[in-house]
Amino acid sequence: MTLEQLRIFLAVAEREHVTRAAAALHLTQSAVSAAIRALEGRHGIALFHRIGRRIELTTEGRIFRTEAAAVLARAEAAELVLSELGGTLRGTLRVQASQTVASYWLPPLLVRFHAACPGVTVEVGAGNTTSVVEAVLRGEAELGFVEGEVAEPALRQAVLARDQLVIVVGPRHPWARAKSLRLADLPQSRWVMREAGSGTRAAFEELLRGAGLPPEALSVILELPSNEAVLAAVEADGGATVVSERAAGPHLAAGLLVRAPIVLPPRSFKALRHRERYSSRASRALLALAGAVEAAQ
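Asks: For the overall build of the protein, give the residues involved together with the corresponding values.
Replies: Secondary structure assignment for the protein yields 10 helices and 13 strands. Overall, the protein is about 65 × 50 × 35 Å in size when its C-alpha atoms are taken along their principal axes. In the protein, which comprises 297 residues, the proportion classed as buried is 45%. Across the protein, every contact between residues at least 6 apart in sequence was considered, and the portion connecting residues at least 24 apart equals 73%. A total accessible area of about 14500 Å² is found for the protein, and carbon and sulfur atoms account for 54% of it. Of the charged side chains in the protein, 34 are positive and 30 negative; the average position of the first set lies 3 Å away from that of the second.

So, in structure tokens, the structure goes:
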């Protein structure tokens, strides 16, 4: 098995299309197909279902995808280390970030990083806090950026910035005209929430528990996998939701949403890195630009 075969497999798995993967890799379609056949033939296993002109991952393919991504990420991290040892700063730095961080806080930082370290390519994957933690633990990413608390002793955490959670509703919601709101009033509305594993949802539910209000007391009618989906549902009179002020800002400015009259405590954006893995100069440079302050461990 070669790294090139892993790159090809992951490109096909991501697109579920041989021709598009070949174009992205600047290879011929026959070369891509041959690499997949070689992997399947060597190990006597089908990685993809062939359904007409479509392909999709088999159960075995999905399991292998996780391992292949981790191996390729570690290989790229090793290449970055060698470039640094040779006196250059060139290679690929893999980063995973939760959606709020990836969409609203990280991009300006990466622009500054590129100006400071133009030889380093940063590959960013977005998910929720749980998936980011798993990616750093597996070695798929050297750095993770999340909001909220992470209870994982294998990871070092550094505080990056403050973030403000807000509760927002549509203009026709009763809370849009309310003068004040208490945590005890929150069960009076329907709610649209991010999925389980979201740092935003975890932080909000922890706040509710601290106030003696079980999260199950809220009537959650929808769980959606992104901030934009949640906000769109609330704009359509789906009820109330809690999101980062950074995510809600454009919707509030446009009058599509209204901020409910309640102040929630701030939270922190944090950087995560594995305690036992080498910390590349590129990752240290990125954290320095972010003003990271490592928490006491």
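What follows picks up the thread again.
Asks: So, the packing of aromatic side chains: which residues are in play, and what are the values?
Replies: Taken as a whole and assessed by the stated rule, the structure comprises 6 aromatic pairs. Ring plane angle 55° and centroid distance 4.8 Å describe the contact between Phe9 and Phe64, whose orientation is recorded as tilted. Linking Phe9 in helix α1 (residues 3-15) with Phe64 in helix α4 (residues 59-85), this pair joins segments that are 55 residues apart in sequence. Given a relative accessible area of 0%, Phe9 falls into the buried group. Between Trp105 and Phe269, the aromatic rings sit 6.1 Å apart at their centres with planes inclined by 65°, giving edge-to-face as the arrangement.

Asks: Give me the lowdown on the pattern of salt bridges, citing residues and values where you can.
Replies: Under the counting rule described, the total for this entry stands at 20 salt bridges. Between Arg94 and Glu123 there is a salt bridge, with the nearest N and O atoms lying 3.4 Å from each other. Of the two residues, Arg94 sits in strand β3 (residues 91-98) while Glu123 sits in strand β4 (residues 120-127), which places them 29 residues apart along the sequence. Taking the relative accessible area as the measure of exposure, Glu123 reaches 33% and is therefore partly exposed. The network of salt bridges with shared partners includes Arg201, Glu205, Glu206, Arg209 and Glu223.

Asks: Please set out the packing of α1 against helix α2 (residues 18-25) residue by residue, giving values where relevant.
Replies: For the pair α1 and α2, interaxial distance at closest approach is 8 Å and the crossing angle is 130°. Relative to α2, the element α1 lies oblique. As α1 runs across α2, the sense of the crossing is right-handed. Residues Arg7, Ile8, Ala11, Val12 and Arg15 of α1 pack against Val18, Arg20, Ala21, Ala24 and Leu25 of α2. Looking at the contact of α1 with α2, its residues break down into 7 nonpolar, no polar and 3 charged.

The rules behind each value
- Residues numbered from 1 in each chain as written.
- Predicted model: local features only at pLDDT ≥ 70, side-chain atom pairs only at ≥ 80, totals over all residues.
- Heavy atoms only, no water.
- Helix = DSSP H or I, 4+ residues; strand = E, 2+ residues; numbered from the N terminus.
- Buried < 20%, exposed > 50% of the residue type's maximum accessible area, 1.4 Å probe, protein only.
- Contact = heavy atoms within 4.5 Å.
- Areas by Shrake-Rupley, 256 points an atom, 1.4 Å probe, with all protein chains shown as cover.
- Lys, Arg positive; Asp, Glu negative; His and termini not counted.
- Charge placed at Lys NZ, Arg CZ, Asp CG, Glu CD.
- Phe/Tyr/Trp six-rings, centres within 6.5 Å; stacked < 30°, edge-to-face > 60°.
- Salt bridge = Lys/Arg side-chain N within 4 Å of Asp/Glu carboxyl O.
- Axes fitted to C-alpha atoms, helices over the stretch in contact; angles between N-to-C directions.
- Parallel < 35°, antiparallel > 145°, perpendicular 65-115°, else oblique.
- Left-handed = near helix turned anticlockwise from the far one by under 90°.
- Nonpolar A, V, L, I, M, F, W, Y, C, P; charged D, E, K, R; others polar.

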